[in-house]
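Here is how the chains run, residue by residue.
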Amino acid sequence: MMKKKEAVPVRARIAITNFFVHVCLAVLSVIWLFPIFWVILTSFRGEKGSYMSTFFPKTYTVNNYIKLFTETSVLNFPRMFTNTLIIAVCSCIISTFFVLAVSYCMSRLKFRARKPFMNVALVLKLFPAFMSMIAVYYILKAMGLSEGAMIRVALILVYSGGAGIEFYIAKGFFDTIPKVLDEAAFLDGATKFQVFTKITVPLSKPIIVYTIITTFIAPWVDFIFARVICRANADYYTVALGLWKMLEKEYIDNWYTAFAAGSVCISIPIAILFVITQRFYSSGMSGAVKG
Amino acid sequence: MGKRKKRVNEFASPYTIGNAVKKGDLITKLSMLFMGAGNIAHGQIVKGFLFLIIEINYILFMFQNGLHNLEMLPSLGTQAQQEIWNEKKGIYEYIAGDNSLLILLYGVLTLSITAGFVLLWVASLRSAYKAEVLSKTGKHISSFKDDIKDLFNQNLHILLMTPPVMGILLFTILPLIFMITMAFTNYSKYDDHLVLFDWVGLANFAKVLSFHDSIGQTFWSVLAWTIIWAIFATGLNYVLGMILAIVINRKDTKLKGLWRFCFVLSIAIPQFVSLLIMRTMLQPEGAVNTMLKNIGLIDTALPFFTNTMWARVTVIVINLWIGIPYTLMQVTGILQNIPGELYESARVDGANVFDIFFKITLPYMLFVTTPYLIMQFTGNVNNFNVIYLLSQGHPTPVGSTAGKTDLLITWLYKLTIDQQYFNLGAVIGIMTFTVLAIIAIVTYRNTGSYKDEEGFQ
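Since this is a predicted model, take the numbers as computed values, not measurements.

Remarks on the overall build of chain A
In step 1: If you tally the helices and strands in chain A, you get 13 helices and 0 strands.
In step 2: Helices (α) and strands (β) of chain A occur, in sequence order from the N terminus, as α-α-α-α-α-α-α-α-α-α-α-α-α.
In step 3: By residue count, 53% of the 291 residues in chain A fall in the buried class.
In step 4: Counting contacts in chain A only where the partners sit at least 6 residues apart, residues at least 24 apart contribute 70% of the total.
In step 5: Accessible surface computed for chain A: about 13,200 Å², of which carbon and sulfur atoms make up 68%.

Considerations on the overall build of chain B
In step 1: Across its full length, chain B carries 19 helices and 2 strands.
In step 2: Relative to the 2.2 N^0.38 estimate, which gives 23 Å for 457 residues, the radius of gyration of chain B is 30 Å and therefore markedly larger than a compact globule would have.
In step 3: Here the C-alpha coordinates of chain B stretch approximately 90 × 90 × 40 Å along the principal axes.
In step 4: Counting across all 457 residues of chain B, residues that qualify as buried make up 46%.

Some words on the environment of Lys 47 of chain B
All names here are of chain B.
In step 1: Tracing the backbone shows Lys 47 in helix α4 (residues 45-72).
In step 2: Here the alpha-carbon distance between Lys 47 and Gly 97, two residues 50 residues apart in the chain, equals 44 Å.
In step 3: Apart from residues lying up to four places away in sequence, Lys 47 is in contact with Asn 39, Ser 127, Phe 144 and Asp 147.

A few points about the state of the cysteines
As used here, a disulfide is simply a covalent bond connecting the sulfur atoms of two cysteines.
Residue and element names in this part refer to chain A.
In step 1: Counting across every chain of the model gives 0 disulfides over all chains.
In step 2: There is no disulfide at Cys 105, and the cysteine sulfur nearest it, in Cys 92, is 20 Å away.
In step 3: Free cysteine: Cys 230, not disulfide-bonded; nearest cysteine sulfur from Cys 90 at 15 Å.

Observations regarding the domain arrangement of chain B
In step 1: Here chain B is described as being made up of domain 1 (17-83 + 93-182) and domain 2 (203-451).
In step 2: The C-alpha centroid of domain 2 of chain B is placed 42 Å from the C-alpha centroid of domain 1 of chain B.

Topic: the confidence of the model for chain A
Residues and elements named next belong to chain A.
In step 1: Residue-level pLDDT values for chain A average 81, and 89% of them are 70 or greater.
In step 2: The model gives residues 1-5 a pLDDT under 50, and that stretch makes 1 contact with residues more than four places away or in other chains.
In step 3: Residue range residues 281-291 is modelled with pLDDT below 50. Its contacts to residues more than four positions away, or to other chains, number 20 contacts.

Some remarks on the interface of chain B and chain A
In step 1: Listed as interface residues are 105 residues of chain B and, on the opposing side, 101 residues of chain A.
In step 2: Interface of chain B and chain A: buried area, both sides summed, is about 9,500 Å²; carbon and sulfur atoms make up 76% of it.
In step 3: Taken together, the links from chain B to chain A amount to 0 salt bridges.
In step 4: For the side of chain B that touches chain A, the element with the highest residue contribution is helix α7 (residues 156-182) of chain B, accounting for 20 residues.
In step 5: Grouping the amino acids of the side of chain B that touches chain A by side-chain chemistry returns 71 nonpolar, 24 polar and 10 charged.

Describing the pattern of salt bridges
Residue and element names in this part refer to chain A.
In step 1: Evaluation of the coordinates by the stated rule reveals 5 salt bridges over all chains.
In step 2: A salt bridge links Arg 79 to Asp 235, with the shortest nitrogen-to-oxygen separation between them at 2.8 Å. Residue Arg 79 is found in helix α3 (residues 77-108), and its partner Asp 235 is found in the loop between α11 (224-230) and α12 (239-246); the two are separated by 156 residues along the sequence.
In step 3: Residue class for Asp 235 comes out partly exposed when judged on its relative accessible area of 42%.
In step 4: Here Arg 108 makes a salt bridge to Asp 182, at a shortest N to O gap of 2.8 Å. Residue Arg 108 is found in helix α3, and its partner Asp 182 is found in helix α8 (residues 179-187); the two are separated by 74 residues along the sequence.

Examining the pairing of strand β2 (residues 91-95) of chain B
Residue and element names in this part refer to chain B.
In step 1: Of the pairings in the sheet, the one linking strand β1 (residues 82-86) to β2 comprises 5 bridges and is antiparallel in character. Paired with Glu 83 across the strands is Tyr 94, a residue of β2.
In step 2: Taken together, β1 and the strand that follows it, β2, pair antiparallel across an intervening segment of 4 residues, in which Gly 90 is found at a positive phi of about 70°.

Rules used in this analysis
Residues numbered from 1 in each chain as written. Chains lettered and ligands numbered in written order. Predicted model: local features only at pLDDT ≥ 70, side-chain atom pairs only at ≥ 80, totals over all residues. Heavy atoms only, no water. Helix = DSSP H or I, 4+ residues; strand = E, 2+ residues; numbered from the N terminus. Buried < 20%, exposed > 50% of the residue type's maximum accessible area, 1.4 Å probe, protein only. Contact = heavy atoms within 4.5 Å. Areas by Shrake-Rupley, 256 points an atom, 1.4 Å probe, with all protein chains shown as cover. Rg over C-alpha atoms; globule rule 2.2 N^0.38 Å. Disulfide = S-S within 2.5 Å. Domains from an automatic or database assignment. pLDDT = per-residue confidence, 0-100. Buried area = accessible area lost by both parts, 1.4 Å probe. Salt bridge = Lys/Arg side-chain N within 4 Å of Asp/Glu carboxyl O. Nonpolar A, V, L, I, M, F, W, Y, C, P; charged D, E, K, R; others polar. Pairing = 2+ DSSP bridges.

Laid out in structure tokens, this is it:
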């Protein structure tokens, strides 16, 4: 803005760039939202079956939802929903604690086993998870967790047990929190535990939210471990397993639209969670240390 | 006494087992046999008894089950289930045979418990020696209360790390060891070895790695595709996701929250739902082909999952739909962590958008997210969902166990779950690991965030 003559073209250029950026974002958003839109359309579709010749349904109905929650004799969706919710809440609490605890230790505490642990964790993550799937089942069986209501406990353990390994992202975040804050607290006589709970954790909302979201989602979307652990115990099926079942050959014609309805239903709690937690991303860490 | 070693490394301690054995007094040496004796003698009653109780439990376990488990391990059981005709009742009666799988599992379990016990034994001996030295030099021996207090300060890592590490041991490491041992057996449906199986050494590895065996040839082609897939999936997701995040993060972009929400919403839909829906949409008679035909752009259906090249491009493109929001979520938090002063001073110096991106944003992001990138790469090599739900590995040549879009991981799944070649599955798991380990360790050790964790402080 040295010369007044250039001011207008610069502003115009900025306006054009902004327009272009927003159009691009809008187009991309449509692409990203398209499958979601399609699921919602399908969930209200009147015609049965998985294929159709037109994009928009010919008739609309809410019977798919009613069927999902009332026809509980073949596939008991409400029970699956409760099962998954219990498992997801418990495993997300445990996992988040594990991840934060390990990340803090890796980022801030100095002890003998630190570097070896980081290397071991990195190595462990390289093994494909299914490789040990069958072994996990037998271990749970040996612990007496493979039958009846204990299946829920088994699934919680499966989803949260090894969570401590997933510390890299949170550690990277903790590393960016200035150490000056910790040192100031130590001078005031705080213990390391207090620094962890009173300084690091409150400053780490974005990464905590990230951890909570990812660990909460795991039980909703996993059907492979659930299939191995639940086997034929349909009473303890999770939502993912139930929805997967709806797409099997003997159910798909009757249940495809109900499957879409079910997908909409399970996405709602997760979507709500996103809305609530979005604001943590906006402010982030800026302003943790002023001056 | 009181002689201190010069500190060679940061964590060296004078209370080693060597010193305990050489210089310890009678009580300390007694602790080798009765764990906790030294602690009890020097007033650390609770700690001492805890050690003792653990020792008693271990010995009881070993005599009840452990020794038997170890004894069976070399043979993996020999007794097959037998069927005997019972004349009186007129029925067949079954005599339970050995189950090699359980023998192997319990054997591995016993070995792990023993390893854990040895570690505790070392800890107890060192603790006993430390108590002895402290009492001789007249220093304060920490009481149980002090120990608890220390857990919240100097020893916070023990408090925080123990539960997660126990979880990792039980649900990650132990099963892994168990499965690795399986690679050295003939546990498969081939020759009916599903109940009783034996150790076969490296035979399975030879089979998978050979160029002449059909399994071996499949392995090499699947491996090549897996690596191509991982490079494309990781690189494109990272670069495009970061550009998107930066565009949304721009000062002049309006409705930041809305855009982020639109993209992140796709994560809210479980992957298997969106992928299965895309699969139905991309079928020959699915929504996409129907629409294109209606518009008149094509006459015959596009071969999304029937032509090798089409299938491969399709899975990579659809993986972008899955992956970019994750990159966006991950990167946004860190982008906001870049100190604003860096940008301001760059702007004052007259840097343009590209300068700022290449000189400030990208180095900072690479610094913080290299571990994340490596994890993405390994995650993609092990990306089961996208392949299995989308293309199921198809197109599959006749007679092959793996399709053209199968990754090592989906092939592993097919081999173990569908076809019950558990031993070959385990070998492929180990090979996957080997490939990843080489790539990851080399790159990870050369990154800034490993060498210099405080570089950006």
